[in-house]
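# Overview (structure and organization)
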Amino acid sequence: MKKLSTLFILILLLLSSLSAESAKDILDKMEDAMEFETLSFSATIKNTDRMGTTTQSFDAVQNDDGDTLLTVTSGMDKGQKVLRLDDEIYIYYPDADEIIRLSDSGLSSSFLGSDFSYEDLSGDDDYEDRYNYELVGEETFNNTSCYRIKFSAKKLSETYQKMEMLIDKVRYVPIVEELYSKSGRLLKTIYYDGYSERPYFPTSVKTENSVKKSNKSEMNVKNIVFNKKIDSSIFDKEDFAW
């Protein structure tokens, strides 16, 4: 009887290991659930710090290569444009009629005075090339069952050297993202909510700044359009200022 019991336990363990998902499986499903050919949307960012609250709006366009154009439509930075091509970001300042190229270190700079960085809003989500990662557990956040995956950057040039992500076990979308420095200090936490119908895209994104405790930002997204044909010339850095 003892032998049968032991064999039965071994079979259960084997079946459990066969059905368990790996970190790669989870990230592949997340990529599939959020995949699109083109994307456009409008968004409003509300930023709060010790000086008070400011609100600005922008329009965004992105293609499946990750090329991204952000155009500020209201607020103190109205007319400013941000263009991301591969790992390069260009900013057009209308008052100076000048285009500035951001260096790698500039990717962590604030977008429109918020706690969202240029990397947060236009970053490359190719985790396979950029990070080593592992599934470290499962937990529940706001009644949502999640996987927890830990990431470590392969290159020192990455804006965030360490990262942990909670991913919804049903929809395979990010729910919480914790971003760390190389030393392991928590820099900020990003919360994603209110997803569109598949392909999934968050309509509410909030940040908590762990360095400047009084700072927080909230982005609300509307007018999401997937897979509409986009004129590729808008991603031309020579012309995007016009």
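Residues numbered from 1 in each chain as written. Predicted model: local features only at pLDDT ≥ 70, side-chain atom pairs only at ≥ 80, totals over all residues. Heavy atoms only, no water.

A separate point is the overall build of the protein chain. When its secondary structure is counted, the protein chain shows 4 helices and 13 strands. Within the span of the protein chain, comprising 242 residues, buried residues form 42% of the whole. Summarising the internal contacts of the protein chain: among those between residues at least 6 apart in sequence, 43% fall at separations of at least 24. When the accessible surface of the protein chain is summed, it comes to about 14,000 Å², and 49% of that surface belongs to carbon and sulfur atoms. (Helix = DSSP H or I, 4+ residues; strand = E, 2+ residues; numbered from the N terminus. Buried < 20%, exposed > 50% of the residue type's maximum accessible area, 1.4 Å probe, protein only. Contact = heavy atoms within 4.5 Å. Areas by Shrake-Rupley, 256 points an atom, 1.4 Å probe, with all protein chains shown as cover.)

Our next topic: helix α2 (residues 23-33). Along α2, the residues that are buried comprise Ala 23, Ile 26, Leu 27, Met 30 and Ala 33. Projected down its long axis, α2 shows its buried positions confined to an angular sector of 125°, all on one face. Elements in contact with the buried residues of α2: α4 (127-130), β7 (131-141), β8 (144-153), β9 (162-168) and β10 (174-180). (Arc of directions from axis to C-beta.)

Looking along a regular strand, one sees the side chains alternate between the two faces of the sheet. Of all 5 residues in strand β4 (residues 81-85), 5 are buried; the element is thus mostly enclosed. Both faces of β4 are covered, namely the face carrying Lys 81, Leu 83 and Leu 85 and the face carrying Val 82 and Arg 84. Here 4 bridges tie strand β3 (residues 68-74) to β4, and the two strands are oriented antiparallel to one another. Counted as the bridge partner of Thr 68 is Arg 84 from β4. Hairpin remark: β3 followed by β4, antiparallel, with 6 residues in the connecting loop; positive phi at Gly 75, about 110°. Relative to strand β5 (residues 88-93), β4 runs antiparallel, the two being bridged by 5 bridges. Across the sheet, the residue bridging to Val 82 is Ile 91, located in β5. In this antiparallel pair of consecutive strands, β4 and β5, the connection spans 2 residues, and Asp 86 shows a positive phi of 55°. (Pairing = 2+ DSSP bridges.)

Ranked by size, the top nonpolar core spans 49 residues in total, and within it Phe 41, Phe 58, Phe 111, Tyr 127, Phe 151 and Met 219 carry the most contacts. Setting aside residues up to four positions removed in sequence, Phe 41 forms contacts with Phe 58, Asp 59, Ala 60, Phe 201, Val 221, Lys 222, Asn 223 and Ile 224. In this structure, Leu 69, Leu 83, Leu 85 and Tyr 92 belong to the second largest nonpolar core, which totals 7 residues. (Core = buried A, V, L, I, M, F, W, Y, C linked by side-chain atoms within 4.5 Å.)

Attention now moves to the packing of aromatic side chains. Applying the stated rule across the entire model yields 12 aromatic pairs. Their ring planes at 70° and their centres at 6.2 Å tell us that Phe 41 and Phe 58 sit as a pair that is edge-to-face. Pair noted here: Phe 41 is in strand β1 (residues 38-49) and Phe 58 is in strand β2 (residues 52-63), with a separation of 17 residues, a long-range link. Since its relative accessible area comes to 12%, Phe 41 is described here as buried. Residue class for Phe 58 comes out buried when judged on its relative accessible area of 1%. Between Tyr 127 and Tyr 131, the aromatic rings sit 6.4 Å apart at their centres with planes inclined by 50°, giving tilted as the arrangement. (Phe/Tyr/Trp six-rings, centres within 6.5 Å; stacked < 30°, edge-to-face > 60°.)

In this structure, Pro 94 sits in the loop between β5 and β6 (98-102). The partly exposed category is assigned to Pro 94, whose relative accessible area is 31%. Beyond its immediate chain neighbours, meaning those up to four positions away, Pro 94 contacts Lys 78, Gly 79 and Gln 80.

On the surface, Glu 31, Glu 35, Glu 37, Asp 64, Asp 65, Asp 86, Asp 125, Asp 126, Glu 128 and Asp 129 cluster together into a patch of negative charge. Structurally, Asp 126 can be placed in the loop between α3 (118-122) and α4. (Patch = residues over 30% accessible without salt bridge, like charges linked within 9 Å, V, L, I, M, F, W, Y side chains within 5 Å. Salt bridge = Lys/Arg side-chain N within 4 Å of Asp/Glu carboxyl O. Lys, Arg positive; Asp, Glu negative; His and termini not counted. Charge placed at Lys NZ, Arg CZ, Asp CG, Glu CD.)

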